[in-house]
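Structural overview for review
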Amino acid sequence: MTHLTRRHFLRNTLVLGSGALIAASWMRPARAADAKTLVLYNGQHSRTTQALIDAFQQATGIEVQIRKGSSTQLANQIIEEGSRSPADLFFAEESPPVAALDDHHLLAPLPQDTLSQIIPGYGSRDGTWTGVTARSRVTVYNRNLVQESELPASILDMATEAWKDRVGFVPTSGAFQQQIIAIKLLKGREAALDWLKGLKKYGRIYNGNMAAMRAVERGEIPTALVNNYYWFIVAREVGAENMQSAIHYAGPGDPGGLITVSATGILKTAANPQAAQKLVAFMVSQAGQQAMVDTVAEYPLRPGVQSPFDLKPFDSLNPPAISPADLGDAADALVLRREAGLA
């Protein structure tokens, strides 16, 4: 069995689709320090980040230039740029790309007074990156095609012949990669591989989480494995009272209920480290958290912030005992997918 090194993982996984981002204009030498301008590499959803940055700029007067791409593309971009990177900080939709930068010793320590603003256990162990918002993995199901009582207690049981052509999944999704690693950590590597092989044989692949979510809503397939906020996106469009689908939360400790986070870190080579620290501090502040969770049905990680969405209470989710730090850079997910024929 061939195992990829972390370096190979980054080149073979993070590089995918990033060619368009690696352009001459991106490879210029770092700009001279300007305390009123920051460069943010953003892999988080554009609407969420724009709401955050609008509030930050209004509060501080610091200009933020946003460069958008997928989290994996941007992490690879930063690694390739090295000390030449114009980025001051990185905001990722998932934690593994930020953890990959930490593994390459590219991130600066964050102040303890910033780290202490969020719920413990949702950042790095060495204090170089922090979770910003959280979401839960769920099973969405069409109520006309399946009853919630019919759903198995564990998502491991959905990769079986009994669920043939009844489960949609997105193997390229960042959260799905983390779910693979969670199963590996909880049940062992062979269990994770067997689960992937079962999904390949009996499940149905979709090319995006919204595609899978909409397929369930219109009755194309009974269930799909997605993040909780995708259901709320559709509900906002058509009205929750008109939804044909609903959210099922996995049983206590099951990897089907894994909590994942968006995450941020500041580069050691940041031209404006003090301004970058102000932005990260704002991300975990009351105002910053509210600006983000007002736009998307993710959970705030700062206690006391209220989401306008009808989310299941965070403290009642009963997720598996797997932290974002435990997931690391999720490098073995690609290896497992390849072994299962899903990559």
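Below is a short write-up of the structure. Please read these numbers as outputs of a predicted model, since none were measured by experiment.

Procedures and definitions
- Residues numbered from 1 in each chain as written.
- Predicted model: local features only at pLDDT ≥ 70, side-chain atom pairs only at ≥ 80, totals over all residues.
- Heavy atoms only, no water.
- Phe/Tyr/Trp six-rings, centres within 6.5 Å; stacked < 30°, edge-to-face > 60°.
- Buried < 20%, exposed > 50% of the residue type's maximum accessible area, 1.4 Å probe, protein only.
- Helix = DSSP H or I, 4+ residues; strand = E, 2+ residues; numbered from the N terminus.
- Lys NZ or Arg CZ within 6 Å of the ring centre and 35° of its normal.
- Core = buried A, V, L, I, M, F, W, Y, C linked by side-chain atoms within 4.5 Å.
- Contact = heavy atoms within 4.5 Å.
- Axes fitted to C-alpha atoms, helices over the stretch in contact; angles between N-to-C directions.
- Parallel < 35°, antiparallel > 145°, perpendicular 65-115°, else oblique.
- Left-handed = near helix turned anticlockwise from the far one by under 90°.

**Some details on the packing of aromatic side chains**
For the coordinates displayed, the defined rule picks out eight aromatic pairs. Centre to centre, the rings of tyrosine 229 and tyrosine 230 are 4.5 Å apart; their planes meet at 35°, and the pair counts as tilted. For tyrosine 230, a relative accessible area of 7% puts it in the buried group. For the pair phenylalanine 232 and phenylalanine 309, a centre-to-centre distance of 6.0 Å together with 75° between the ring planes defines the contact as edge-to-face. A residue pair is termed long-range when its members are at least 10 positions apart, and phenylalanine 232 in helix H9 (residues 228–238) and phenylalanine 309 in the loop between strand E10 (299–300) and helix H12 (324–327) qualify at 77 residues. The class of phenylalanine 309 is buried, set by a relative accessible area of 16%. The residue whose ring lies beneath arginine 166 is tryptophan 163, and the NZ or CZ to ring-centre distance is 4.1 Å.

**Things to note about the nonpolar core**
Membership of the largest hydrophobic core comes to 34 residues, with the highest contact counts inside it found for Val140, Trp231 and Phe314. Counting only elements with at least two residues in this core, the list comes to strand E4 (129–142), helix H8 (209–217), strand E7 (223–227), H9 and strand E9 (259–266). Residue contributions to this core peak at six residues, all from H9. Beyond its immediate chain neighbours, meaning those up to four positions away, phenylalanine 314 contacts Ile119, Tyr122, Ala134, Ile259, Tyr299 and Leu301. Counting residues in each nonpolar core, the second largest holds 29 residues, with Val167, Leu225, Ala246 and Ala330 among its members.

**Section: the packing of helix H2 (residues 46–60) against helix H10 (residues 273–283)**
The relative placement of two packed helices comes down to the angle between their axes together with the axis-to-axis distance. Interhelical geometry of H2 versus H10 gives an angle of 120° and a closest axis separation of 11 Å. Considering the angle they form, H2 stands oblique to H10. Regarding H2 and H10, the two cross each other, and that crossing is right-handed. Listed contacts from H10 to Leu52, Ile53, Ala55, Phe56 and Ala59 of H2 are Ala275, Lys278, Leu279, Phe282 and Met283.

**Here's the deal with unusual backbone geometry**
In this model, asparagine 318 sits at a positive phi of 55°, which is unusual for a non-glycine residue. Along the chain, the position of asparagine 318 falls in the loop between E10 and H12. Phi is positive for alanine 330, which is not a glycine, with a value near 55°. Tracing the backbone shows alanine 330 in the loop between H12 and helix H13 (331–340).

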